[in-house]
Amino acid sequence: MSHWSFYSDFYAFSTVFSDLVISKLDRQKFIVVVLLTLSDLLVQIDLSSQIVRTTVSLKVENNGIDPASEILLPFPEHHAKNLAFLSAVINEGKGKTKSSSDSLPVNVANPEGMPPQLTWYSITLPKALGKGGSLTLEVKAVFTHILRPFPEKITQADVQLVAFQDSAHYFSPYAIKVQSLTFKLPEPKVESYTKLENTKFSGSELKYGPYENLPPFSYKPIVVHFVSNKPFSVSQELVREIEISHWGNVQITENFNLVHAGAELTGEFSRLDYQARPHVRGASALRNLIAKLPPRAHSIYYRDEIGNISTSNVWSDSAKTLLEIEPRYPMFGGWRTSFTIGYGLPLRDFLFQSEGKRFLNISFGCPMTDVIVENLTIKVVLPEGSKDVSVSVPFPVKQSQETKFSHLDMFGRPVIVLEKTNVVPEHNQYFQVYYRFSNLSLLTEPSMLIFGFFLFFVACIVYTHADFTISKSSPSYLAKLQWDEVQSAIQQFLNIMNRCLIVHDKLEASLRDLSRTGDVQTCKAARKAADSLLKELSKEMRPLLSFLQSSSQAAQITPKVDELVLKERELQEKLMLKHSTVVDAYEKKSGGRDIDNRIAAVQQKISMLRQEVDDLLEIIDEI
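Worth saying up front: this structure is predicted, and the values here are computed from it rather than measured. (Residues numbered from 1 in each chain as written. Predicted model: local features only at pLDDT ≥ 70, side-chain atom pairs only at ≥ 80, totals over all residues. Heavy atoms only, no water.)

A.B. asks: Please explain the UniProt feature "transmembrane region" (unreviewed entry) in the protein chain as it appears in this structure.
C.D. replies: Under the UniProt annotation, the feature "transmembrane region" (unreviewed entry) is placed at residues 448-466. Annotation note: span residues 448-466, helix share 95%, strand share 0%, distance between end C-alpha atoms 27 Å. (UniProt positions renumbered as here; feature names shortened; annotations may be inferred. Helix = DSSP H or I, 4+ residues; strand = E, 2+ residues; numbered from the N terminus.)

A.B. asks: Is there a simple way to think about the pattern of salt bridges in this case?
C.D. replies: One side chain can pair with another of opposite charge once the charged atoms of both are near each other. Taken as a whole and assessed by the stated rule, the structure comprises 26 salt bridges. Linking K567 and E612 is a salt bridge whose minimum nitrogen-to-oxygen distance equals 3.0 Å. On the criterion of sequence distance, the pair formed by K567 in helix α8 (residues 558-587) and E612 in helix α9 (residues 592-622) is long-range, its members being 45 residues apart. We classify K567 as partly exposed; its relative accessible area is 22%. Overall, the relative accessible area of 27% leaves E612 in the partly exposed class. With its nearest N and O atoms 3.7 Å apart, the salt bridge here joins E570 to K605. (Salt bridge = Lys/Arg side-chain N within 4 Å of Asp/Glu carboxyl O. Buried < 20%, exposed > 50% of the residue type's maximum accessible area, 1.4 Å probe, protein only.)

A.B. asks: Which parts of the structure should I look at to understand the pairing of strand β12 (residues 175-184)?
C.D. replies: Look at any regular strand and the pattern is simple: side chains alternate between the two faces of the sheet. Relative to β12, strand β1 (residues 36-46) runs parallel, the two sharing eight bridges. Each bridged residue has a counterpart across the sheet, and for L42 the counterpart in β12 is S180. Alignment of β12 against strand β15 (residues 205-214), held across seven bridges, turns out to be antiparallel. Along β15, the bridge assignment pairs F183 with L206. (Pairing = 2+ DSSP bridges.)

A.B. asks: Even after reading the chapter, I still don't get the sheet that holds strand β31 (residues 430-436), so can you show me in this structure?
C.D. replies: Pairing between the strands of a sheet comes from backbone hydrogen bonds, and it takes one of two forms, parallel or antiparallel. Strand order in the open sheet formed by four strands is β25-β26-β31-β28, and the pairing between neighbours is antiparallel. Unpaired on one side and paired on the other, β25 (351-354) and β28 (387-392) mark the two borders of the sheet. Looking at each pair of strands side by side, their axes are set apart by 25° on average, direction ignored. The sheet contact formed by strand β26 (residues 357-363) and β31 spans six bridges and is antiparallel. The residue of β31 that forms the bridge with L360 is V433. (Axes fitted to C-alpha atoms, helices over the stretch in contact; angles between N-to-C directions.)

A.B. asks: It is not clear to me how the packing of helix α6 (residues 475-517) against α9 should be interpreted in this structure. Could you clarify?
C.D. replies: Any two packed helices are characterised by how steeply their axes cross, that is the angle between the axes, and by the distance between the axes. Closest axis-to-axis distance for the α6/α9 pair is 11 Å, and the angle between their directions is 160°. One way to sum up the angle between α6 and α9 is to call them roughly antiparallel. Note on packing geometry: the crossing formed by α6 with α9 is left-handed. Contacts between α6 and α9 involve I490, F493, L494, M497, N498, L501, D505 and E508 from the first element and I606, R610, V613, D614, L617, I620 and D621 from the second. Tallied by class, the residues present in the contact of α6 with α9 amount to nine nonpolar, one polar and five charged. (Parallel < 35°, antiparallel > 145°, perpendicular 65-115°, else oblique. Left-handed = near helix turned anticlockwise from the far one by under 90°. Contact = heavy atoms within 4.5 Å. Nonpolar A, V, L, I, M, F, W, Y, C, P; charged D, E, K, R; others polar.)

A.B. asks: Looking at this model, I keep getting lost on the packing of α6 against helix α7 (residues 520-550). Mind explaining?
C.D. replies: Direction vectors running N to C along α6 and α7 enclose 170°, while the axes themselves pass 10 Å from each other. The angle between α6 and α7 places the two elements in the roughly antiparallel class. Each residue belonging to the contact of α6 with α7 can be placed in one class, and the counts come to 23 nonpolar, three polar and four charged.

Given below as structure tokens:
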């Protein structure tokens, strides 16, 4: 987008907006407003960071008959949706004698006859302003996300340019006698700005006015396009958990989901260029963050999803503790990171008692300066047994309650959840959480520990003095001995059976050697050795089979053992038959095809029997 199209689009919008406001205004219904006038109006807009702070000093005069109890403030839609903080005070005196009152109540208003494109706020005066009366107000408004990076994408070597849109005339439903406007820029570098009469640019300040005798709803669009290399640090989500322990500590854990919301980095990132010239090849990058923690903060840590991050420093004095943290990498526009910081605070500095209640007095918001928090959640974890809980916050928040279980908890700890959107440093005000708590509840967890250790030691004493051995004459002991004997006999039986199968394999191997060498005498010798081994194994097996058949503990397994013995003997007979047939055929000089035909049926039976024997061995082993 070119500069000309950007400015032309904005001017078109501003002109249409101004005409819409004036055309829809019913001045007859707003006669009381016309009778109030503003003078000595000074508007100061601080554009030195991503948070735009507007301070308006104005003198209100009542030229009508009826007293005025409120002052109305209109905001255009594009400003109202990004309004984060609004306050008003009455200034009295001048110079060194100047003093301010407490903040006046500011609420959303809906005056009749006003166009819906405007959002209205009402400042309630402590006492009505009578005819001919006057007072001086100071109105502070804080906006987020109204500085627009332009261009929206830059390279690593580019500076960050942003554009701000507003009106040179203070937008108000009241006539203005004299008004001036001052912009404070981050540095004396301006790409361009709207030039009107009485416009002056000097250093890092841009001034418009003074303008005199401005009618109600006067609107003069202006655009300032300037260099702002301060990073746009936005925490899309911040969860602060404040856990109170009446044993002397307040533990705070803060989980950040941070994004650089400035002009997005396009092209490649060169760490070499960045390290060589960080203020040129990364002028708008986020290098570090500084968190202002309460004094006497201790046990401070800083980590992310990977683990602990050592690039952090802490400075402390009697008034504050400063924590400087550096992300694992410099953050350019569009880049994100998530991390956690935690620390402990002395309980006596933040927990007090009043009218039979205890109350926590601690600051709201984010401890880091110039960081916008889009969604802030504060969870105050009270000790188990707390009741009659109430909260006092100096501005509107969404409140709910949940329960958290921790070590040695029986019923859970009450958790007060406070949620707010669009949070800025101006929200770092103290809030209070009131609750009742009995000192006897402090003894619950120590009592549980003492009782638990007592039961443990009693159990140890009982264990060391009790005799848990089983009598050798008891039926259970005798049954165990018998079962152990049965298991031993079965194991020996399986070993003998496996040795028999090895002899079978040797017989088969002798036939393969015969087909290869034709040595009949060697094959007959192998047959004779196998017969001898099988007879010895049969003798070893007999006492084991007799024992198993006589033991009641082996009643379940004996049928399978007997079946296995029968199958093995049948397999042995078939192998001997096959062996004799093959040897006889070789002695008669029979051909290979003839031999295969003669033993085909026997070989099929041998394969079937071998499979059945293997299955029975597996079943007996499992039993």
